[in-house]
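Each chain, letter by letter, is given below.
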Amino acid sequence: MDFGSVDVRDTCDDVEGAGRTTAGETTGGEGEAAREAALGVQGSGVRGPATAGVRRLATEGRRRPATEGLRALATEAVHAGRDDLARQGLHAVPIDLSTTYPSYDSRGEAARIDAFATDGAEPEGPPVYGRLGNPTVARFETALARLEGTESAVAFASGMAALSAVLLVRNVMGLRHVVAVRPLYGCSDHLLTAGLLGSEVTWVDPAGIADALRPDTGLVLVESPANPTLAELDLRAIAHACGSVPLLADNTFATPVLQRPAEQGARLVLHSATKYLGGHGDVMAGVVACDEEFAGRLRQVRFATGGVLHPLAGYLLLRGLSTLPVRVRAASANAAELVRRLAADPRVARVHYPRLGGAMIAFEIHGDPHEVIAAVRLITPAVSLGSVDTLIQHPASISHRIVDAEDRRHSGVSDRLLRLSVGLEDVDDLWRDLDGALGRG
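The structure reproduced in this document is the subject of the present report. (Residues numbered from 1 in each chain as written. Predicted model: local features only at pLDDT ≥ 70, side-chain atom pairs only at ≥ 80, totals over all residues. Heavy atoms only, no water.)

Some remarks on the pairing of strand β9 (residues 360-365)
With six of six residues buried, β9 lies mostly within the body of the structure. Of the two faces of β9, both are covered, the one formed by M360, A362 and E364 as well as the one formed by I361, F363 and I365. Pairing geometry for strand β8 (residues 348-352) and β9, over four bridges, is antiparallel. Of the residues in β9, the one forming a bridge with V348 is I365. (Buried < 20%, exposed > 50% of the residue type's maximum accessible area, 1.4 Å probe, protein only. Helix = DSSP H or I, 4+ residues; strand = E, 2+ residues; numbered from the N terminus. Pairing = 2+ DSSP bridges.)

Structure representation (structure tokens):
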């Protein structure tokens, strides 16, 4: 298949394998144990980072005990960010909706604000102000950092706010040039192409990254699997080509269940948390997992620009993480079976499905894609992805409409391409709906 996706005839030799057989390779492991690890199977080899790497939370007692061993991804998904609850006599995560907090020590407050202005580290002691940080959001940030294997994570009001903050961090250092690989999410593409934040972008194929770097290059930006073609990139090779320039990998489609880009050399891992991390179509958010040095700069930008995540959203995201491995595995199994059926259907011209598996499918049809969108009944025609229910959309009309038509086609986003975010429904019900919507072709 074009643009890095795997030929479905190879992928679909085994339905279980279609979503799982190469996941271990993606995370750098080998054999069945690594494949289970990549999917977060209980007892797997995917582990969280060392306790020393977990950043300090806004309230006392939230750091994991130093004597506690490293835990599997499936366990971290349930417990990270919640380690202190039992000691507080709680079972469910509390939601702190405060915008401000009492303080009778103004000298101490001044010192804490000065310290934050220096390096962006979270202020010691109790919270100060909602734009500076929130305890509920901090729980989600710590949990996501543990799942991605990074020191820290910083949450924002949306995925685009998160990407904007990264660009602003580099811009203020005079590093305005970005090297990027298409396809990207349409709004990410537009943000770079239009230079809305003062950035200048050079679009390249993966092999051209090293040659495109300049003294003022501040970032290399990729998605893998990419939106919407599901093209896969060799993140380890790309990270090597970046040299000292930070690699930002958008991991929205794969999630840390299927791959952890930081283990392959990415310094920054971006998520539209609206998608799989939330998982239920009821929260909008973005998050960047990274080292603590970069996190400090991101917090400073978040404080100055106000792109903060609401505490209720932080709560919903933390709740969503607890079922993330289970949801990704179940949806991936559904997707693999639908890929098998679509690949054998004469009404379908081509199916794109990544080697690492997952719940996203892209397919091109011989007929009119707009008629398919209008004809589905169980599947919801809507933007976004990663929810428990199945969504379908026509990228050329919606998610990538803002991208120049020629650039869309060059990056594989044809006018007959449909993108399917597979949910948790019964796969036979999903197929009946798709089969009917495809019509007689």
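Things to note about a nonpolar patch on the surface
A cluster of nonpolar side chains, I95, L97 and L312, forms an exposed patch at the surface whose accessible area comes to about 260 Å². By the secondary structure assignment, L97 is in the loop between α5 (73-79) and α6 (106-119). Under the relative-accessibility criterion, L97 is labelled exposed at 54%. (Patch = residues over 30% accessible without salt bridge, like charges linked within 9 Å, V, L, I, M, F, W, Y side chains within 5 Å. Areas by Shrake-Rupley, 256 points an atom, 1.4 Å probe, with all protein chains shown as cover. Salt bridge = Lys/Arg side-chain N within 4 Å of Asp/Glu carboxyl O.)

Concerning the packing of aromatic side chains
The tally for this structure, following the rule as stated, stands at one aromatic pair. Considering the side-chain rings of F116 and F303, the 5.7 Å spacing of their centres and the 75 degrees angle between planes classify their relative orientation as edge-to-face. A residue pair is termed long-range when its members are at least 10 positions apart, and F116 in helix α6 and F303 in helix α13 (residues 292-305) qualify at 187 residues. Taking the relative accessible area as the measure of exposure, F116 reaches 4% and is therefore buried. You can call F303 partly exposed: its relative accessible area is 27%. Directly above the aromatic system of W203 lies the positively charged group of R182, at a separation of 3.9 Å from the ring centroid. (Phe/Tyr/Trp six-rings, centres within 6.5 Å; stacked < 30°, edge-to-face > 60°. Lys NZ or Arg CZ within 6 Å of the ring centre and 35° of its normal.)

Interpretation note: all reported values are geometric properties and have no functional meaning in isolation.
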